[in-house]
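# Examination of the molecular architecture
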Amino acid sequence: DHVRRALMHEPRGHAGMYGAVVVRSGAAAAGAHLAALFLHGAGYSTMCGHAVLALGRFALDYGLVPAPSCPETAVCLHCPCGPVTAFVPWDGHRSGNPVRFHSVPAFAAATDLAIDVPGYGKVMVDIGYGGTFYAFLSAEQLGLDVCSSKTKDLVNAASAVTEAVKKQFKLHHPESEDLAFLYGTILTDGKDAFSEKPTSNICVFADEQVDRSPTGSGVTARIALQYHKGLIQLNQTRTFRSSTTGSFFTGKAVKATKFGDHNAVIVEVSGEAFYTGTATFTVEEEDPLKYGFFFK
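Residues numbered from 1 in each chain as written. Predicted model: local features only at pLDDT ≥ 70, side-chain atom pairs only at ≥ 80, totals over all residues. Heavy atoms only, no water.

Of the regular secondary structure elements, the protein chain holds four helices and 15 strands. By the compact-globule yardstick of 19 Å for 296 residues, the protein chain fits well, its C-alpha radius of gyration being 19 Å. With the C-alpha coordinates aligned to their principal axes, the bounding extent of the protein chain is approximately 50 × 50 × 35 Å. The proportion of buried residues among the 296 residues of the protein chain is 48%. Across the protein chain, contacts joining residues at least 24 apart in sequence account for 59% of those joining residues at least 6 apart. (Helix = DSSP H or I, 4+ residues; strand = E, 2+ residues; numbered from the N terminus. Rg over C-alpha atoms; globule rule 2.2 N^0.38 Å. Buried < 20%, exposed > 50% of the residue type's maximum accessible area, 1.4 Å probe, protein only. Contact = heavy atoms within 4.5 Å.)

Turning our eyes to something else, we now look at the pattern of salt bridges. Inspection of the entire model under this criterion finds ten salt bridges. Note that Asp1 and Arg4 form a salt bridge whose closest N and O atoms lie 2.7 Å from each other. Using a relative accessible area of 7% as the deciding quantity, one classes Arg4 as buried. In this structure, Lys229 and Asp126 form a salt bridge, with 2.6 Å as the shortest nitrogen-oxygen distance. With Lys229 in the loop between α4 (216-228) and β13 (238-242) and Asp126 in strand β8 (residues 121-129), the pair connects residues that are 103 residues apart, well separated along the chain. A network of salt bridges, in which partner residues are shared, links Asp1, Arg4 and Arg5. (Salt bridge = Lys/Arg side-chain N within 4 Å of Asp/Glu carboxyl O.)

Once that is clear, we can look at the side chain of Ser95. Examined against the element boundaries, Ser95 turns out to sit in the loop between β5 (82-89) and β6 (99-102). A relative accessible area of 2% means that Ser95 is categorised as buried. There is a polar contact of 2.8 Å between the side chain of Ser95 and the side chain of Arg57. A polar atom in the side chain of Ser95 sits 2.7 Å from the side chain of Asp61. With residues up to four places along the chain from it excluded, the contact list for Ser95 reads Arg57, Leu60, Asp61, Val88, Pro89 and Trp90. (Polar contact = N/O pair within 3.5 Å; in protein donor to acceptor, adjacent residues only side chain to side chain.)

So, about the layout of surface pockets. Size it by volume and the largest pocket reaches roughly 1600 Å³. In terms of lining residues, the largest pocket is bounded by 45 residues, among which Tyr18, Gly19, Ala20, Ala54 and Thr276 are the most central. Put simply, the parts of the chain that give the lining of the largest pocket at least two residues each are α1 (2-8), β1 (18-23), α2 (49-61), α4 and β14 (248-259). If one sorts the elements of the lining of the largest pocket by residue count, α2 sits on top with seven residues. When grouped by side-chain class, the residues that make up the lining of the largest pocket number 26 nonpolar, 15 polar and four charged. (1 Å grid on protein atoms, 1.4 Å probe; cavity = no way out; pocket = protein on both sides within 12 Å on 5 of 7 lines; lining within 4 Å. Points joined across faces, edges and corners; volume = space filled by probe spheres on them. Nonpolar A, V, L, I, M, F, W, Y, C, P; charged D, E, K, R; others polar.)

Structure, rendered in structure tokens:
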């Protein structure tokens, strides 16, 4: 955890920082090219789709996959939620975009669940699992617009929903109760029925962190909910837009399956990841703030 705090918190990180520790040896990566631990300012997460996109490219470009093949190479990752496969473009020299991945089975944990949110009143939420659990609802139910309201107002509302759901609904995971926790709330524009047009959302997770992407695990869970409700069919591709940066992912359910007692789907998410640089961080033992600091 000292590594997480040193890298995610200031001065090396920031309040919205996110990262991954790559593990290659031993049982952690057995049967996979690599394993990953996902880090954020408040702790750890079980799945991160955008990190999987980036790690897929990284694995090819840094030689973690022997003999990659053209035009696309499968990169197998062990994530805390289970096995995930990224499919990465490869031209014989370097990786490219877009990258796509198949995660663990995704399912609807609850739909049209009435939750009393202090300060906002009663709202109806859906809860979906896409490697981690999220609550979903339209921002309109909270008197907000996901595309035009202030981010601070969206964060406050989503955080209130998360806390209310935690108190009023008990989650269960088919394989591990360690995974049975609500990671955050995703506010949407309410456009859940299939359309060729993008649908926008914002994900507020952990300790009020805001995702800069459309949220890969969130897209996975949202597709599972839409499929469960009969709003989309297998292999219908939807486009998801982040209301924070305007970036896009696509998602589609590619296969129906079972996960414990749940009717589930395998979801394919596609998006882009880009290098921004490399860095060497130094921690001096005598530094009283060597493991970082964090302001709220």
